[in-house]
Amino acid sequence: MTKRAAAQVAVDWQVQVAPHRNAAAVLRAVRAAPGTVAALPVGFADSSGLRATAGGTTQDTGAAKVLGLPAGYADSFPLALRLLTGSAHGVLVAQQTAANLHVAPGDRVQIRRVGLPPYRVTVAGVVELPQADSLFQMVGAPSQSQPVAPPDNVVLLPAGRFRSEYAALARTRPDQVSTQIHAARDHSGLPSDPSSAFVAETGAANNLGVRTSGAAVVGNNLGASLDAAREDASYSRILFLFLGAPGALLAMALTAAVTRAGAPRRRREQALLRARGSTPAQLIRLVLVEAAVVGVAGAVIGLAAAAATGAASSWPWDVAAAVTGLVIAGLVVAVPAIRDLRAVAAGQAAREGRDSRPVWLRFGLDLALIAVGLAIFWASGRNKYTLVLAPEGVPTISVSYWAFLAPALAWIGCGLLCWRVADTLLVRGRGLVALAARPVVGPLARTVASMLMRQRSLVSQSAVLLALAIAFAVSTATFNTTYRQQAEVDAQLTNGADVTVTESQGSGTGPAYASRLASVRGVKAVEPLQHRFAYVGNDLQDLYGIDPGTLGRATTLQDAYFQGASAAQSMARLASRPDAVLVSAETVNDFQLNPGDLIRLRLQDARTHTYQSVTFHYVGIVNEFPTAPKDSFLVANASYVARQTGSDAVGTFLVNTGGTNVPSVADAVRRVVGTSGSIGTINDARGLVGSSLTSVDLSSLTRLELAFALVIAAAAGGLVIGLGMAERRQATAVATALGASRRQVRRFGAAEPAFVLLVGVGCGLATGWGLSYLLVKVLTGVFDPPPSSLAAPWGYLTFLVACTVLAVGVTAVLVIDLTRRQARTLLRSI
């Protein structure tokens, strides 16, 4: 995440040289700062306006910015500018400036200066400034005092030409000319944790300010990006805890189940060794050696598997993992074996198959855990808690671990509830079990039901383990599928559609231009989107004019975008009357609006260029909208806005490619649009970091988790059932000796696996779906916007159940057939 956050920054440091200070000395200090890989001086100058004559007309602009770029700037900072047309060497103009002046490479532009005569330059190329917001920031100024938008008019001069034109002005009007040192930092040396990287980078910037005695004021763009990413990093760790901890607990439970399945055999072996003269101390040492072998072997295999997945080695974590493996082996292997040994030594008979109901079952611990978990979930959700809180500018982040209890308690409680269901069916529903088994085992149905009842403790444990494994797989898969779905929604919400064409301000391009874009190969649909500004009282807000009947052809509208109505209902309300308008919740609260209220907005009239009052009727609340900002905005009918303002100019065209060939379609659209508009793609939006966690790529972690969930579910079903049946294979041997056929023996032995599958898979699917709901609700901050419903991974779930059934079935058949072949040997040992 640190690499992704750092990779999106065009200029890591913008070091503003203080007035009347030596820029060369600051440049040397920046280059000498640890971690700096490149540093170049950039001149900034103000212009009162630009003029150009092209195509027989003369165009004038307002205030402009002129930059002086040294040679090699584009190579050192490749993300700072992108060439659209012409040559990258010489005088360059920004895309918006080229549209305002109607100029192209080869045209001449006049640049005015305060107190000096204007000068002329010849345009060599037109460029896009992808990160103009940060490039023209007021370095050192608080964020609230930053300009609302970067300048529309920008000219980029070679450094030599800049010095010759502005050297005199810098002496007479130093407020008009300044110097920045743009620096690229070494990203490979940053700590992997964005929080630690943020602290380190902020400290390095502060150190530069101290070493230059205040001559350098650092605009730390890299630090700002890391500041945004560190909140997402905390969410990533929480995700790993939510989705990984149950897997670790399941691995521990599986080990315990394997050990418990061999308990009767171990007790017989211990009794035999005791009869042959072994002392309790010798037997305990033997048990400890077994536990040590299991722990060491498991740790080695686990670390090797981690290395095979490409995980970076970290010896503190490796040691911690190995020690944890040894502890688990001691708890689930050594402790039960030592307990059985002491029981045998004390002369206590071990009860096999006649287990009484557990104490917790009689007192309803399972129901209590579920109730407490749901109560915690309700209490935390009612207060609109924030799971991760990252105050701006504060290097530490607080995490509400209280919210962890809800899904954790619910998961454990549902597992115990599965035990209750299995135990109740075997004790009080023996007749129902016999009835269900009759079509398979015939007259042996009651015998099978009685056998399962006597073994209900082991059978219930197998069902619980399988249910928890299925629940883990279902919740992990559902959460990851929902995550991927919302990542796509978030990207489309940010970009607007697969491809967007944003027209230059004041271009006047009408909706008819959509037909030209629709003719591009690979384009499925094009939808014009008006973008205006409207005053609500004294508050200036973005206003989007749409056609509610056709907007869905180019973009997707989620129910979560709207409040109090679905997306379809909101679009229907907007289409119900021409002057309808959807308003943000903040505006509704600020102005105490009620549905149907008349509101007057001031919009700029294209004919008089003055703001005129326009009447609208409030019909609904919109929280999110494609390309819209996260704060207050308005959505209205484009036809009505065009009539009232005298202009049908379109701000953005939403282009639907059907989700395929996005880069190639974007290139084709770019050739059609030229320099009159900028092109954005959904692929660019997916790569953003800092807006929400769903922009972070978790595909590798997802594949690892889903593969582990599949393996653990199959192992829980096949291995535990197989070991349990192997320990109780004497009944199969007796049935074989009494003349039972192979088919009859298979049916008789299939009773336990079938019961465990039905109860385990059924409870696991229900538990997994409920846990998925809790996880998505608890991790609300992960999703922006939150999903309107869970995304079910039907393919994965079908494959999961099929693999589990196959593992159980194959294991049961192999154990039964092996037992039949060894029937005589087994009977001799009885």
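Residues numbered from 1 in each chain as written. Predicted model: local features only at pLDDT ≥ 70, side-chain atom pairs only at ≥ 80, totals over all residues. Heavy atoms only, no water.

**Q** Quick one: what's the story with the overall build of the protein, residue by residue and with numbers?
**A** Across its full length, the protein carries 29 helices and 24 strands. The 830 residues of the protein split such that 48% are buried. For the protein, contacts bridging at least 24 residues in sequence account for 80% of all contacts bridging at least 6. (Helix = DSSP H or I, 4+ residues; strand = E, 2+ residues; numbered from the N terminus. Buried < 20%, exposed > 50% of the residue type's maximum accessible area, 1.4 Å probe, protein only. Contact = heavy atoms within 4.5 Å.)

**Q** Talk me through the packing of helix H9 (residues 263–275) against helix H10 (residues 280–308); I want residue IDs and the actual numbers.
**A** The N-to-C vectors of H9 and H10 enclose an angle of 140°; their axes lie 10 Å apart at closest approach. The two elements H9 and H10 meet at a crossing, and its hand is right-handed. Contact residues: H9 offers Arg266, Gln270, Leu273 and Arg274, while H10 offers Pro280, Leu283, Leu286, Val287 and Glu290. Residue composition of the contact of H9 with H10, by class: five nonpolar, one polar and three charged. (Axes fitted to C-alpha atoms, helices over the stretch in contact; angles between N-to-C directions. Left-handed = near helix turned anticlockwise from the far one by under 90°. Nonpolar A, V, L, I, M, F, W, Y, C, P; charged D, E, K, R; others polar.)

**Q** Which residues make up the packing of aromatic side chains, and what values go with them?
**A** According to the stated counting rule, one finds eleven aromatic pairs in the structure shown. An angle of 55° between the planes, with centres 5.7 Å apart, marks the rings of Tyr513 and Phe653 as tilted. Taken as a pair, Tyr513 in helix H18 (residues 513–518) and Phe653 in strand S23 (residues 652–656) lie far apart in primary sequence, 140 residues in all. The exposure class assigned to Phe653 is buried, which follows from its relative accessible area of 0%. Between Tyr561 and Phe562 the ring centres are 6.5 Å apart and the planes differ by 50°, which places this aromatic pair in the tilted class. Taking the relative accessible area as the measure of exposure, Phe562 reaches 5% and is therefore buried. (Phe/Tyr/Trp six-rings, centres within 6.5 Å; stacked < 30°, edge-to-face > 60°.)

**Q** I'd like a rundown of the pairing of S23, residues and numbers included.
**A** For S23, the buried fraction is high: five of the five residues fall into the buried class. Burial of S23 is two-sided: the residues Thr652, Leu654 and Asn656 facing one way and the residues Phe653 and Val655 facing the other way are all buried. Bridging between strand S15 (residues 499–503) and S23 involves four bridges; their strand directions are antiparallel. Bridging across to S23, Val501 finds its partner in Phe653. Of the strand pairs in this sheet, strand S16 (residues 525–536) and S23 are connected by five bridges, and their pairing is antiparallel. The residue of S23 that forms the bridge with Leu529 is Thr652. (Pairing = 2+ DSSP bridges.)

**Q** Could you give me a rundown of the pattern of salt bridges, with the residues and numbers involved?
**A** Pairing between side chains of opposite charge can happen when the charged atoms of each approach one another. Inspection of every chain in the model, using the stated rule, returns 14 salt bridges. Arg112 serves as the salt-bridge partner of Asp60, at 3.6 Å between the closest nitrogen and oxygen. Of this pair, Asp60 sits in strand S4 (residues 57–60) while Arg112 sits in strand S8 (residues 108–113), and the two are 52 residues apart along the sequence. Here Arg161 and Glu165 are joined by a salt bridge, their closest N and O atoms 2.9 Å apart. Residue Arg161 and its partner Glu165 are both found in helix H6 (residues 159–172); the two are separated by four residues, about one turn of the helix. In this structure Arg161 comes out as partly exposed when scored by relative accessible area, which is 29%. The structure contains a network of salt bridges with shared partners spanning Arg51, Asp60 and Arg112. (Salt bridge = Lys/Arg side-chain N within 4 Å of Asp/Glu carboxyl O.)

**Q** So what's going on with the nonpolar core? Which residues, and what values?
**A** In this structure, Leu250, Cys418, Leu452, Phe755, Val759, Tyr796 and Leu800 are the most contacted members of the largest nonpolar core, which totals 60 residues. Looking at which element gives the most residues to this core, the answer is helix H17 (residues 456–495), with 14 residues. Formed by 23 residues, the second largest nonpolar core is a distinct cluster that contains Ala497, Tyr561, Phe625 and Ala628. (Core = buried A, V, L, I, M, F, W, Y, C linked by side-chain atoms within 4.5 Å.)

**Q** Report on a nonpolar patch on the surface, specifying residues and quantitative values.
**A** Where nonpolar side chains cluster on the molecular surface, the patch consists of Trp315, Val319, Val323, Val327, Leu331 and Val335 and spans about 580 Å² of accessible area. The residue Leu331 is located in helix H11 (residues 315–345) in this model. (Patch = residues over 30% accessible without salt bridge, like charges linked within 9 Å, V, L, I, M, F, W, Y side chains within 5 Å. Areas by Shrake-Rupley, 256 points an atom, 1.4 Å probe, with all protein chains shown as cover.)

**Q** Account for the confidence of the model for the protein, naming residues and giving values.
**A** This prediction gives the protein a mean pLDDT of 83; 86% of its residues lie at or above 70. Counting contacts from residues 349–354, a segment whose pLDDT is below 50, to residues more than four positions away or on other chains yields six contacts. Contacts for the low-pLDDT stretch residues 689–695, under 50 throughout, to residues beyond four places or in other chains number 31 contacts. (pLDDT = per-residue confidence, 0-100.)

**Q** Would you mind going over unusual backbone geometry in detail, with residue names and values included?
**A** At Gln592, a position not held by glycine, the phi torsion is positive, near 50°. For Gln592, the location among the structural elements is in the loop between helix H20 (585–591) and strand S20 (598–604). Look at Gln592 and you get exposed, because its relative accessible area is 63%. The phi dihedral of His609 is positive, around 60°, even though this residue is not glycine. Checked against the element boundaries, His609 lands in the loop between S20 and strand S21 (611–622). By relative accessible area, which is 58% here, His609 ends up exposed.

**Q** Please give an account of the environment of Arg532 that cites residues and values.
**A** Inspection of the secondary structure assignment puts Arg532 in strand S16. Along the sequence, Arg532 and Leu543 sit eleven residues apart, while their C-alpha atoms lie 5.0 Å from each other. Contacts of Arg532, omitting those with residues within four sequence positions, involve Gln541, Asp542, Leu543, Val641, Thr645, Ser647, Asp648 and Ala649. Reaching out from Arg532, the side chain makes a polar contact with the side chain of Thr645 at a distance of 3.1 Å. Among the polar contacts made by the side chain of Arg532, one reaches the main-chain carbonyl oxygen of Ser647 at a distance of 2.9 Å. (Polar contact = N/O pair within 3.5 Å; in protein donor to acceptor, adjacent residues only side chain to side chain.)

**Q** Lay out the state of the cysteines with the relevant residues and their values.
**A** All chains considered together, the criterion is met by zero disulfides. There is no disulfide at Cys763, and the cysteine sulfur nearest it, in Cys418, is 3.7 Å away. (Disulfide = S-S within 2.5 Å.)

**Q** Tell me about the environment of Pro264, and please be specific about residues and values.
**A** Relative to the helices and strands, Pro264 resides in helix H9. The exposure class of Pro264 is buried, given its relative accessible area of 15%. Between the C-alpha atom of Pro264 and that of Asp340, which follows or precedes it by 76 residues, the distance is 9.5 Å.

**Q** Describe the side chain of Gln59, naming the residues involved and giving the relevant values.
**A** Residue position: Gln59 is located in strand S4. Only 3.2 Å separates the side chain of Gln59 from the side chain of Thr57, close enough to count as a polar contact.

**Q** Could you give an account of the pairing of strand S10 (residues 154–158), with specific residues and numbers?
**A** Burial analysis of S10 places four of its five residues in the buried class, which makes it a mostly covered element. Bridge analysis of strand S5 (residues 64–69) against S10 gives five bridges, and the strand direction is parallel. Opposite Leu69, over in S10, you have Pro158 as the bridge partner. As paired elements, strand S7 (residues 91–94) and S10 share two bridges and run antiparallel to each other. The residue of S10 that forms the bridge with Leu92 is Leu156.

**Q** Which residues make up the packing of helix H14 (residues 405–427) against helix H15 (residues 430–441), and what values go with them?
**A** Where H14 contacts H15, the axes come no closer than 5 Å and their chain directions differ by 85°. One way to sum up the angle between H14 and H15 is to call them roughly perpendicular. Contacts between H14 and H15 involve Leu425, Leu426 and Val427 from the former and Arg430, Leu432 and Val433 from the latter. When grouped by side-chain class, the residues that make up the contact of H14 with H15 number five nonpolar, no polar and one charged. (Parallel < 35°, antiparallel > 145°, perpendicular 65-115°, else oblique.)

**Q** An account of the side chain of Asn221 is requested, with residue identities and associated values reported.
**A** Looking at the element boundaries, Asn221 is found in helix H8 (residues 221–261). Assessed through its relative accessible area of 11%, Asn221 is described here as buried. Within the structure, Asn221 has its side chain in polar contact with the backbone oxygen of Val11 (distance 2.8 Å). Those residues in contact with Asn221 that sit more than four places away from it in its chain are Val9, Val11, Asp12, Gln14, Ser134 and Gln137.

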